[in-house]
Number of protein chains: 2
Amino acid sequence: MNPLEQLRGRLAELVDLEALTRLAEWDQLVMMPAEGGEARALVAATLARLEHERSTSAEIGEWLEAIPEDGLDDIDRDVVRIARRDWERSRRVPADLAAAAAQAAAEGQDAWQRARAEDDFASFAPALERNVELARRRGECLAEDGQSPYDALLGGFDYGLRSGDLRALFGALADALTPLISAAEEHSPPRALAIGVAEQEAAVRRVLARLGVDTGSWRVDVSAHPFTSWFSRRDTRVTTRYRDGDVESLLSSLHEYGHGLYERQIDPALARTNLDTGTSMSVHESQSKLWENHVARSPAFAEVLAADVSEAGFDVSAADLHASLVGVRRSLIRVSADPLTYPLHIIVRFELELALIGGELAVADLPEAWREAMRRLLDVEVPSDALGCMQDVHWGAGAFGYFPSYALGCLIAAQLWETMDAAIGPLDELLRRAEVAPIQAWLGEHVHAHGRRLDTMPLVRAATGRGLEVDPFARYVAPLARAAHGAGA
Amino acid sequence: MNPLEQLRGRLAELVDLEALTRLAEWDQLVMMPAEGGEARALVAATLARLEHERSTSAEIGEWLEAIPEDGLDDIDRDVVRIARRDWERSRRVPADLAAAAAQAAAEGQDAWQRARAEDDFASFAPALERNVELARRRGECLAEDGQSPYDALLGGFDYGLRSGDLRALFGALADALTPLISAAEEHSPPRALAIGVAEQEAAVRRVLARLGVDTGSWRVDVSAHPFTSWFSRRDTRVTTRYRDGDVESLLSSLHEYGHGLYERQIDPALARTNLDTGTSMSVHESQSKLWENHVARSPAFAEVLAADVSEAGFDVSAADLHASLVGVRRSLIRVSADPLTYPLHIIVRFELELALIGGELAVADLPEAWREAMRRLLDVEVPSDALGCMQDVHWGAGAFGYFPSYALGCLIAAQLWETMDAAIGPLDELLRRAEVAPIQAWLGEHVHAHGRRLDTMPLVRAATGRGLEVDPFARYVAPLARAAHGAGA
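Quick caveat, the model's predicted, so the values are computed rather than measured. (Residues numbered from 1 in each chain as written. Chains lettered and ligands numbered in written order. Predicted model: local features only at pLDDT ≥ 70, side-chain atom pairs only at ≥ 80, totals over all residues.)

1. Observations regarding the overall build of chain A
- Scanning chain A from N- to C-terminus turns up 20 helices and three strands.
- Its C-alpha radius of gyration of 23 Å places chain A within 12% of the 23 Å reference for a compact globule of 489 residues.
- When contacts within chain A are restricted to residue pairs at least 6 apart in sequence, long-range pairs at least 24 apart make up 73% of them. (Helix = DSSP H or I, 4+ residues; strand = E, 2+ residues; numbered from the N terminus. Rg over C-alpha atoms; globule rule 2.2 N^0.38 Å. Contact = placed C-beta atoms within 7 Å.)

2. Overview of the relation of the copies chain A and chain B
- Aligned on chain B, chain A shows an RMSD of 0.0 Å; the corresponding rotation is 180° and the shift along the axis is 0.0 Å. Both copies are brought into coincidence by an operation consistent with a two-fold rotation axis. Of the C-alpha atoms belonging to chain A, the one lying closest to the rotation axis is found on Leu20(A), 3.7 Å away.
- Both copies share a contact surface, since 100% of the interface residues of chain A are interface residues in chain B too. (Least-squares fit on C-alpha atoms with pLDDT ≥ 70 in both.)

3. Here we look at the domain arrangement of chain A
Residues and elements named next belong to chain A.
- In terms of domain boundaries, chain A breaks down into domain 1 (3–146) and domain 2 (147–489).
- Taken over C-alpha atoms, the centre of domain 1 sits 25 Å from the centre of domain 2.
- Between domain 1 and domain 2, the residue contacts involve 46 residues of the former and 36 residues of the latter.
- When its residues are assigned to classes, the side of domain 1 that touches domain 2 shows 28 nonpolar, five polar and 13 charged. (Domains from an automatic or database assignment. Nonpolar A, V, L, I, M, F, W, Y, C, P; charged D, E, K, R; others polar.)

4. Quick word on the sheet that holds strand S1 (residues 218–222) of chain A
Residues and elements named next belong to chain A.
- Sheet architecture is open: three strands sit in the order S1-S3-S2, paired in mixed fashion. The two strands at the open ends of the sheet, each matched to only one other strand, are S1 and strand S2 (228–232). In this sheet, adjacent strand axes meet at a mean angle of 15° when their direction is disregarded.
- Bridging between S2 and strand S3 (residues 235–240) involves four bridges; their strand directions are antiparallel. Of the residues in S3, the one forming a bridge with Trp230 is Thr236.
- Against the sheet, helix H1 (residues 3–30) makes contact with S1, S2 and S3, and its axis sits at roughly 140° relative to S2, the strand it touches most. (Pairing = 2+ DSSP bridges. Axes fitted to C-alpha atoms, helices over the stretch in contact; angles between N-to-C directions.)

5. Looking at unusual backbone geometry
All names here are of chain A.
- Looking along the chain, the bond that leaves Gly425 and enters Pro426 is cis, with omega of 5°.
- Mapped onto the elements, Pro426 comes out in the loop between helix H16 (404–424) and helix H17 (427–432).
- A positive phi angle, near 45°, is found at Asp119, a position not held by glycine.
- Checked against the element boundaries, Asp119 lands in the loop between helix H5 (95–117) and helix H6 (121–142).
- A positive phi angle is found at Ala434, which is not glycine, with a value near 55°.
- Within the fold, Ala434 resides in the loop between H17 and helix H18 (437–446).

6. Remarks on the nonpolar core
- If you look at the biggest cluster of nonpolar residues, it comprises 118 residues, and the most contacted ones within it are Leu305(A), Ile347(A) and Leu411(A).
- Top contributing element to this core by residue count: H16(A), with eleven residues.
- Lining this core are residues from two domains, each supplying at least three of them: domain 1 (3–146) and domain 2 (147–489) of chain A.
- If sequence neighbours within four positions are ignored, Leu411(A) has contacts with Leu468(A), Val470(A) and Phe473(A).
- By size, the runner-up hydrophobic cluster in this structure holds 116 residues, among which are Leu305(B), Val326(B), Leu340(B) and Phe403(B). (Core = buried A, V, L, I, M, F, W, Y, C linked by C-beta atoms within 7 Å. Buried ≥ 20, exposed ≤ 12 C-beta atoms within 10 Å, placed from the backbone.)

7. A few points about the pairing of strand S3 (residues 235–240) of chain B
All names here are of chain B.
- Among the six residues that make up S3, six are buried, leaving the element largely enclosed by the rest of the structure.
- Side-chain alternation along S3 places Asp235, Arg237 and Thr239 on one buried face and Thr236, Val238 and Thr240 on a second face that is also buried.
- Strand direction decides the pairing type here: strand S1 (residues 218–222) and S3, joined by five bridges, are parallel. Within the sheet, the bridge partner assigned to Asp221 lies in S3 and is Thr239.

8. Describing the packing of helix H1 (residues 3–30) of chain B against helix H2 (residues 37–56) of chain B
Residues and elements named next belong to chain B.
- Relative orientation of the contacting elements H1 and H2 amounts to 165°, with a least axis distance of 10 Å. Regarding the angle of H1 to H2, the classification is roughly antiparallel. Where H1 crosses over H2, the two elements pack in a sense that is left-handed. On H2, the residues that touch Arg10, Glu13, Leu14, Leu17, Leu20, Thr21, Ala24 and Gln28 of H1 are Arg40, Val43, Ala44, Leu47, Leu50, Glu51, Arg54 and Ser55.
- Along the lines of polarity and charge, the residues of the contact of H1 with H2 split into eight nonpolar, three polar and five charged. (Parallel < 35°, antiparallel > 145°, perpendicular 65-115°, else oblique. Left-handed = near helix turned anticlockwise from the far one by under 90°.)

9. Focus on the sheet that holds S3(B)
All names here are of chain B.
- Taken in spatial order, the three strands of this open sheet run S1-S3-S2, and their pairing is mixed. The strands lining the two open edges of the sheet, one partner per strand, are S1 and strand S2 (228–232). Strand-to-strand twist in this sheet, taken as the mean axis angle between neighbours without regard to direction, amounts to 15°.
- Packed onto the sheet, H1 meets S1, S2 and S3 and runs at close to 140° relative to S2.
- Packing of helix H10 (residues 248–264) onto the sheet brings it into contact with S2 and S3, and relative to S3 it is tilted by some 160°.

10. Regarding the interface of chain A and chain B
- On the chain B side, the residues contacting the 27 residues of chain A number 28 residues.
- If one sorts the elements of the side of chain A that touches chain B by residue count, H1(A) sits on top with seven residues.
- Residues belonging to the side of chain A that touches chain B are distributed by class as follows: 13 nonpolar, six polar and eight charged.

11. Comments concerning helix H12 (residues 299–311) of chain A
Residues and elements named next belong to chain A.
- Along its 13 residues, H12 runs 19 Å from first to last C-alpha, staying within 8% of the 18 Å computed at 1.5 Å per residue.
- Taken as a whole, H12 has its buried residues at Pro299, Ala300, Phe301, Ala302, Val304, Leu305, Ala306, Asp308 and Val309.
- Contact partners of the buried residues in H12: helix H9 (197–210), helix H10 (248–264), helix H11 (281–296), helix H13 (318–326) and H17.
- Where H12 terminates, the next one or two residues include Gly313, which has phi positive at roughly 110°. (Expected span 1.5 Å × (residues − 1).)

12. Remarks on the environment of Glu435(B)
Residue and element names in this part refer to chain B.
- Along the chain, Glu435 falls in the loop between helix H17 (427–432) and helix H18 (437–446).
- On the basis of neighbour counts, which here come to 13 C-beta atoms within 10 Å, the residue Glu435 falls in the partly exposed class.
- Taking the C-alpha atoms as reference points, Glu435 and Phe301, 134 residues apart in sequence, are found 10.0 Å from one another.

13. Side note on the environment of Glu186(A)
- Take Glu186(A): it is sitting in helix H8 (residues 163–187).
- Sequence-wise, Glu186(A) and Arg136(A) are 50 residues apart; in three dimensions their C-alpha atoms are separated by 43 Å.

14. Some thoughts on the environment of Leu416(B)
Residue and element names in this part refer to chain B.
- Relative to the helices and strands, Leu416 is located in helix H16 (residues 404–424).
- Along the primary structure Leu416 and Val447 are separated by 31 residues, whereas in three dimensions their C-alpha atoms are 9.1 Å apart.
- Here Leu416 is in contact with Ser286, Leu290, Val447, Ala463 and Thr464, once residues within four sequence places are set aside.

15. Remarks on the confidence of the model for chain A
- Looking at chain A, the pLDDT average stands at 95 and 99% of residues meet or exceed 70.
- Here the predicted complex carries an ipTM of 0.93, next to a pTM of 0.94. (pLDDT = per-residue confidence, 0-100.)

16. Observations regarding the packing of H10(A) against H11(A)
Residue and element names in this part refer to chain A.
- The N-to-C vectors of H10 and H11 enclose an angle of 140°; their axes lie 7 Å apart at closest approach. In terms of orientation, H10 and H11 fall into the oblique class. The way H10 lies across H11 gives a crossing that is right-handed. Where H10 approaches H11, its residues Leu250, Leu251, Leu254, His255, Glu256, Tyr257, Gly258, His259, Leu261 and Tyr262 are matched on the opposing element by His284, Gln287, Ser288, Leu290, Trp291, Glu292, Val295 and Ala296.
- For the contact of H10 with H11, the per-class residue count stands at ten nonpolar, six polar and two charged.

Written out as structure tokens, the structure reads:
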């Protein structure tokens, strides 16, 4: 075998190990009897160690060295380029630092869970400090060309993003959103629907079937927290959860569908290579947010949804269903925030994690800094750390640089939607008729097919013809600030 | 790390890779959307290759060489002994022969499936010939100390068994069973029960719950063919299938329970070593047959089962239920054979595979040899090869030496049951009261706890005080040849 074939053989093996890792996780969260957890953790550790060994081994460097630059086709050139980037990145963190960080992350999650339950930040602080310190050191190892440690960490989720650019973008976003909130709260408050679990299940089945979710290549299950997993283009598994009188299942099933569709529509020519997955956390999130915000929450698709919900046994008008899906209210908790206030929750976290990693904010001062930021950006008073800076698992698990992707996903989705609307729209007309095939095809061609060949910002530019902007998202949320009954007009 | 720690580290890794292999298979058979099969095959191949690499690597030989003989405790001595045996065996087959055999097995299964559907032995013969030839060559490589190739293959499923011993044992078994069949067919013919699927499901849930199957550490699912998988002592998964008006689900769920219980009761001190699994195919099968034949089919437990079935909504007497579970009829198909005729189906296969590997029987002559053996042992005429020598997948998939374990399992189960009856019985009294804890405990202590520390025949001797005999099984089936209504007395 020549060095390119050897490299491709190893990359295919890593694809399989990643699929097994996802399978073990999916099974744990959806199927595994509770007492199987202890053994599953050992299996996961073995898989992680094998994957680390096989993805960082010196042979890969030798193969990369030996592959001639000339004569590669376009795909192989990208395979080699991304393999070199991943391999170099993976070797910059010494094994003992990586192991210490993994251990601190596991212990940090435990400490977080206990501390949050007792609303006791002081008992969480040491574990958090350790994770901040180790993340900063990892960032220092990973940094290239004078990058800051935070930017290096950010690159682990979203290669090529810079915190300076995000700061400017998020500043403009906050300026655009904050004035809208009061009006939106007044005109579009949250509305409850007394829809039961069985009706939600039937409605979710119906609406997903409209989008092409068949039993031959999809599964739809229930888990404590909705998520998506995939084992090939023809084996996609989404989960949701059902709570009585709550429409979250309608939103979350379309959200997860967006993640699933992305992985299904990557160019088949990239199969079994390092390019065969979504390019970044923010683009992945843009695909879920697109189906959640721009489809599930659109007044046009509400007509389709209302028909499905009614067929499922719960009679509801399109206007009432839509009102229950778009209500705006300032709140404390990110995961249940509405589409307008959601990005502000992310900006709070971005500011604070940037300061934590940069050393300008001490862990001890985090609770107060959180309160201040929530007051400034959302005008809410935080009554406790459990409902404040301890609500998310990320930092306790060592994940710094992850949060921005949630807000970037909202912005990218809105910009893609406007571009698509100009290209193949009006999309409202398509949605009203539940004709999603043109939308799927456009996303497939302009976003999904690329896999990892384009990083986030180059992909946004290729798909929309310009850099990432705030205005499309601001235009998307603006109707929420107008009278609710005007929203559908 | 010293060489013993290094060896134990590798063995634990192999335990995890085997668990992942079982998980990928369980998921494929129980959960996977159909179109996921292509990608799953690639994942399975990667796992098999990794497991092969990691279990045959030269380092293992170096560690084994470097581990001092003295100072090992009893368990470590067995860990090292079995590791040496497995490692030496794994390296006797050259990699290209192993790869050719794996490919022939995959192709043979495809050829078998098509040929069986069309009842066309001639189109299967070339693939079968190739598998026979490669199995013989594998057997020649594996043979130790003048072993025949067949005995060497047998050792892959059941270490230490010899075909000469099996020939004597099976000869005596055939002599004991054949005279019973006519009488049994007359007194104990198969009886149908018009029990529906929903009632079967509820009854299976009830009876398994009596045996300790809880949702915290077990799963019970449906698959095309019942099987058992396990990922630790606290994560056991059995499957069954339900067909209207068929009591197979009651038998098969207890059968699979027996496999599951075995793996759960291995000494925890053996966890994450090469000793932490059932010792052989035949002992595994003895555990499933024990619960199927001696519990599910016992007249005493029929009282418990009938109560569960009645509670599940299908009113039935213990006598009628029992009669539906023990009916005897000469038939063509192994998998649906009754407990009395079942071992004769195995003897047919044992004779023929011994002759195929030994070179005394040509593949072209197999169909006629099958007809002759079925006539001689079961007195039935085989109308087609699809219902004859092509009914099982094993040979087309290169598995020679596997079949004997099915009959040995029946014999071992009967001998264990008699020994247990003398030690803690009368077992009928326990079964009538659904008191299975003493049975579970006795099996745990005398059979399960050993893991792979004792091979089949030493285990039988340790548990029962004597070598494997035919008489206990003959005594078990004898009541079937007496008047049916006397069977429960």
